[in-house]
Amino acid sequence: MNYHLNFNLIWRHFDKLWQGLVLSLELAVLSILIGAIIGLVLAIWYVSAGKLVRAIISAYVEFIRNVPLILLVYIVFYGIPTVVDFAYSATVSFVGTLSLYAGAYLVEVFRSGLEAVPRGQIDAGKAIGLTPLQRLLHVRLPTMARITLPALSNTFISLFKDTSVASVISVPELTYGAQWINFNTFRIVEVYIVTTIMYLITGYSILFGLRGLERRFRAER
Amino acid sequence: MGENRRPLLGIESLRKSFGKVEVLKGIDMAVHKGEVVSVIGPSGSGKTTLLRCVNFLEIYERGSIRIDGQEVGYRDGDNRQRRGETDLARMRAETGMVFQSFNLFPHLTAVQNVMLGLVKVRRKPKQEAREIAEHWLKRVGLGHRIDSLPAELSGGQQQRVGIARAVAMEPKILLLDEITSALDPELVTEVLDVVRQLAEDGMTMLMVTHEIAFARDASDRIVFMDDGRVSAEGPPGELMAQAGSNERLDAFLSRFRTSHL
Amino acid sequence: MDAMLYALPFLMKGFSITLWVSALVVVFSLAAGLVLGVALVYGPRPLQWIVRLFSDCIRGIPILVLIFVVYYGFPPLGISINSFWAGVVALTLFKAAQVIEYVRGAISSIPRGQMEAGKAIGLTFVQRLQSVIFPQAVRRFLPPWINGVTDAVKGSALISLLGVVDLMQSINEVIGRTYEAMPLYLLGAFIYFAINYSLSLTSRFVERRYAYIRD
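Bear in mind the structure is a predicted one, so any value in this text is a computation, not a measurement. (Residues numbered from 1 in each chain as written. Chains lettered and ligands numbered in written order. Predicted model: local features only at pLDDT ≥ 70, side-chain atom pairs only at ≥ 80, totals over all residues. Heavy atoms only, no water.)

Visitor: Describe the overall build of chain A, listing the residues and the values that go with them.
Guide: Looking only at helices and strands, chain A features 9 helices and 0 strands. Helices and strands appear in chain A in the N-to-C order α-α-α-α-α-α-α-α-α. Judged by the C-alpha coordinates and their principal axes, chain A covers about 75 × 50 × 30 Å. Across the 221 residues in chain A, those meeting the buried criterion constitute 48%. (Helix = DSSP H or I, 4+ residues; strand = E, 2+ residues; numbered from the N terminus. Buried < 20%, exposed > 50% of the residue type's maximum accessible area, 1.4 Å probe, protein only.)

Visitor: Describe the side chain of S31 of chain A, and please don't skip the residues or the numbers.
Guide: By secondary structure assignment, the location of S31 of chain A is in helix α2 (residues 14-48). Apart from the residues lying within four places of it in its own chain, the contact partners of S31 of chain A are A36, V95, L98, S99, A102 and L159 of chain A. (Contact = heavy atoms within 4.5 Å.)

Visitor: Any chance you could break down the environment of I191 of chain C for me, citing the residues and the numbers?
Guide: All names here are of chain C. Of note, I191 is situated in helix α8 (residues 181-209). Judged by relative accessible area, I191 falls into the buried class, the value being 18%. Each C-alpha atom of the pair I191 and N82 lies 26 Å from the other, and the pair is 109 residues apart in sequence. Apart from the residues lying within four places of it in its own chain, the contact partners of I191 are F15 and L167.

Visitor: Break down the pattern of salt bridges for me, citing the residues and quoting the values.
Guide: Per the stated rule, a full pass over the model turns up 34 salt bridges over all chains. Among the ionic pairs, R62 of chain B bridges to E22 of chain B, the shortest N-O distance being 3.5 Å. In this pair, R62 of chain B sits in strand β4 (residues 62-67) while E22 of chain B sits in strand β2 (residues 21-31), placing the two residues 40 residues apart along the sequence. The exposure class assigned to E22 of chain B is partly exposed, which follows from its relative accessible area of 25%. When the shortest N-O distance is used, the salt bridge between K154 of chain C and D151 of chain C registers 4.0 Å. Taken as a pair, K154 of chain C and D151 of chain C lie in helix α6 (residues 125-156) at a separation of 3 residues, close to a single helical turn. (Salt bridge = Lys/Arg side-chain N within 4 Å of Asp/Glu carboxyl O.)

Visitor: Account for the packing of aromatic side chains, naming residues and giving values.
Guide: Residues and elements named next belong to chain B. A full pass over the atoms with the stated rule returns 23 aromatic pairs over all chains. Geometrically, the ring pair formed by F56 and Y74 is edge-to-face, given 5.7 Å between the ring centres and 85° between the ring planes. Here F56 is found in the loop between α1 (47-54) and β4, whereas its partner Y74 is found in the loop between β5 (70-71) and α2 (85-92), with 18 residues between them in sequence. Its relative accessible area of 2% is what places F56 among the buried residues. Overall, the relative accessible area of 6% leaves Y74 in the buried class. (Phe/Tyr/Trp six-rings, centres within 6.5 Å; stacked < 30°, edge-to-face > 60°.)

Visitor: Residue-level account of the interface of chain C and chain B, with values.
Guide: Contacts between the two partners involve 25 residues from chain C, matched on the other side by 25 residues from chain B. Approximately 2000 Å² of surface area, both sides summed, lies buried where chain C meets chain B, with 63% of it carried by carbon and sulfur atoms. Its largest share of buried area at the contact with chain B, chain C owes to E116, A120 and I121 of chain C, together 27% of the area lost on that side. The interface formed by chain C and chain B includes 2 salt bridges. Taken together, the connections running from chain C to chain B amount to 7 residue pairs in polar contact (both at pLDDT 80 or more). Every element with two or more residues in the side of chain C that touches chain B is listed here: α5 (112-120) and α6 of chain C. (Buried area = accessible area lost by both parts, 1.4 Å probe. Polar contact = N/O pair within 3.5 Å; in protein donor to acceptor, adjacent residues only side chain to side chain.)

Visitor: Just give me the short version of the interface of chain A and chain C, but keep the residues and values in it.
Guide: On the chain C side, the residues contacting the 34 residues of chain A number 34 residues. Surface buried jointly by chain A and chain C totals about 2900 Å² across both partners, of which 75% is contributed by carbon and sulfur atoms. The largest per-residue losses of area from chain A upon contact with chain C belong to N66, L71 and Y192 of chain A, which jointly make up 18% of the total buried on that side. Between E62 of chain A and R204 of chain C there is a salt bridge, and its shortest N-O distance comes to 3.3 Å. Inspection of the region where chain A meets chain C yields 6 residue pairs in polar contact (both at pLDDT 80 or more). Broken down by secondary-structure element, the contributors of at least two residues to the side of chain A that touches chain C are α3 (51-66), α4 (69-83), α8 (174-185) and α9 (188-220) of chain A.

Visitor: Before we move on, could you go through the sheet that holds β4 of chain B and cite the residues and values that matter?
Guide: All names here are of chain B. Taken together, the 4 strands give an open sheet; going across it, the order is β2-β1-β4-β5, and neighbouring strands pair in antiparallel fashion. With partners counted over all chains shown, the strands left at the sheet margins are β2 and β5, one partner each. As paired elements, strand β1 (residues 9-18) and β4 share 5 bridges and run antiparallel to each other. Bridged to G10 within β4 is R66. (Pairing = 2+ DSSP bridges.)

Visitor: Tell me about the packing of α5 of chain C against α6 of chain C, and please be specific about residues and values.
Guide: All names here are of chain C. Interhelical geometry of α5 versus α6 gives an angle of 140° and a closest axis separation of 10 Å. In terms of orientation, α5 lies oblique with respect to α6. Both α5 and α6 take part in a crossing whose hand is right-handed. In this structure, α5 contributes Q114, M115, G118 and K119 to the contact, and α6 contributes F125, R128, L129, V132, I133 and Q136. Here the residues of the contact of α5 with α6 are counted per class, giving 5 nonpolar, 3 polar and 2 charged. (Axes fitted to C-alpha atoms, helices over the stretch in contact; angles between N-to-C directions. Parallel < 35°, antiparallel > 145°, perpendicular 65-115°, else oblique. Left-handed = near helix turned anticlockwise from the far one by under 90°. Nonpolar A, V, L, I, M, F, W, Y, C, P; charged D, E, K, R; others polar.)

Visitor: Pulling in residues and values, what's your account of the UniProt feature "domain: ABC transporter" (unreviewed entry) in chain B?
Guide: Mapped onto this numbering, the UniProt entry annotates "domain: ABC transporter" (unreviewed entry) at residues 9-252 of chain B. Structurally, residues 9-252 of chain B is divided into 37% helix and 24% strand, and its ends, taken at the C-alpha atoms, are 26 Å apart. (UniProt positions renumbered as here; feature names shortened; annotations may be inferred.)

Visitor: Talk me through the UniProt feature "transmembrane region" (unreviewed entry) in chain A; I want residue IDs and the actual numbers.
Guide: Taken from the UniProt record, the annotation "transmembrane region" (unreviewed entry) applies to residues 20-47 and 191-213 of chain A. End C-alpha atoms of residues 20-47 of chain A are separated by 39 Å, and the span's content is 100% helix alongside 0% strand.

Visitor: Break down the environment of P76 of chain C for me, citing the residues and quoting the values.
Guide: Here P76 of chain C shows up in the loop between α3 (63-73) and α4 (83-108). Put simply, P76 of chain C and R140 of chain C are 64 residues apart on the chain and 42 Å apart in space, counted from C-alpha to C-alpha.

Visitor: Lay out the confidence of the model for chain A with the relevant residues and their values.
Guide: With 97% of its residues at a pLDDT of 70 or more, chain A has an overall mean of 90. Mean pLDDT values over the elements of chain A span from 82, in helix α1 (residues 8-12) of chain A, up to 95, in helix α5 (residues 90-115) of chain A. (pLDDT = per-residue confidence, 0-100.)

Visitor: Could you give an account of the packing of α4 of chain C against α6 of chain C, naming the residues involved and the relevant values?
Guide: Residue and element names in this part refer to chain C. The N-to-C vectors of α4 and α6 enclose an angle of 155°; their axes lie 9 Å apart at closest approach. Taken together, the axis directions place α4 and α6 in an arrangement best described as roughly antiparallel. The handedness of the crossing between α4 and α6 comes out as right-handed. Along the lines of polarity and charge, the residues of the contact of α4 with α6 split into 15 nonpolar, 4 polar and 3 charged.

Visitor: Account for the nonpolar core, with residues named and values stated.
Guide: Counting residues in hydrophobic clusters, the biggest one holds 158 residues, and the most contacted among them are F94 of chain A, L9, I11, L14, I65 and L206 of chain B together with Y185 of chain C. Discounting residues that sit within four places of it in the chain, I65 of chain B has contacts with L9, G10, I11, L14, C53, V54, Y60, Q70, E71 and V72 of chain B. Ranked by size, the runner-up nonpolar core spans 42 residues in total, among them A133, M169, L183 and A199 of chain B. (Core = buried A, V, L, I, M, F, W, Y, C linked by side-chain atoms within 4.5 Å.)

Shown next as structure tokens:
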């Protein structure tokens, strides 16, 4: 092995990685927020709707889950603008894609969360005269939130890792930053060591942070 | 005296701790061939731990447990070396164990549950193993359910398969760990009847039980354990008589007097 | 439409590469994951720590980064590797970490009493694994594992970025010539969907088949 590690060039361009990491986190946060709204709306709709709506929601979920993310990214960024006259930046396009992607996973999470709310609680809500909307807001959603919190955390971590795919449409997130340094300095091994460590530290910090929050949330109840 | 008076199971100064809590604080006990000994006592007194040590399901470090003169978990010699995996398996095959929660293998039928040890441990040909297994399942009254999966059997039936699985190995001693505690009251009798039958046939047994009435009827000797020690022991009648002078035993037995007797 | 028909044999070739990569990854990761998974549960402490560290690290790194790490990182270290095998190795690492967790989950779902019952009738450790633990663990392992094969198929699309002409890359190349982006993307999506959805259905079928054993 006659490769000599030299991290100087990496530190010189470290801002590419740092800003990339910040953008990765922003992409993940935006996507989980929009995805959670999509997921929640569709889940509530699903449990109360008829067969046709359920079939359509299921089709969306199954499509997203069974197609590679990179292809979804291409479809939204390169494909859709060829059929509709509508322009958007790569970053916006990616947030849209990842939100739809997150939404599909979260529909399932929220749906099973809603269905896991014990019958007795809903009946109790009826018994004290709550309207269906009140029951949803005050009985089903709070219980569901508690049940689904761990799954939400996991989804967020996955999304954070999935943001690396944004590099394929030149969104300057962390992986893109790594590639940029790779092509411009050829310090290949060093840049991927640093990038990998950044992903690991960030990912596990988020994980431990969210687990801590979950514990507090549980303890308060 | 001499060799033939050596107990089949001999326990000497056995101590066992879980972390800082000492559960067994020096147990001495002997079970002779053909004897049925019941261990009773309040929960937390260490009786189940004692039984599990005999099968080395709990690893004891201090004291000794010998079956037919052989130390259970450790090789003979001065430096007390833990037995290897194969050696330990061979020792365990000498004792049969029936569990509180049955622990039948859920992916195997009743007859396959009984056959497994015969084929893998006793190296019997399949056909012979099957005949032995069927014989024992008939003995416990399950001749008609040999091909049922555990999930298709009632609790009492499952526990009878558990007993058949243990005795089919022809163990030197049978260990019964609260075998009726997980059963609905109406299923207890069918299991106890099987145990009684085995006792009459001369099977050596050490059982931990909450069924005081059964212990009194079926055992040669009862051991009362309290706080990790043997607090009293003797033939059933004698033990019950000791209650007057043993406060803890009296307190323990009084619960059963009010409810059952 | 003509362009698509014309491109079909080319796409079929890419499709077969995708299947081939996925199959290699599935087989290699199954073998590695089973061994490491058993080591994680039953191995000596130091080995458990090493497997735990391996699995946690791999699962914390994006697959795309893993692919780049192997492809760009191995040659400077003196290990020459072409893009195809770099993809296979990276995806195998990723899948193996998954398999390790499936194995751990499957084994730890078996009640402790099962191991004890096996001990009590005198089975050795290997016999207990063979006759008691594995037969029960299989039915918990199979459904998530089959379902997880889709991750190998989906992940394999990323090796198009190394220039491997798999299904994804062949679609890109046809689009490069015909400029008919949307129909080809949708065709590609449909093919991936067909493979993965049938895997999901298989997984559900297997789950139901094993449902007869309840404990």
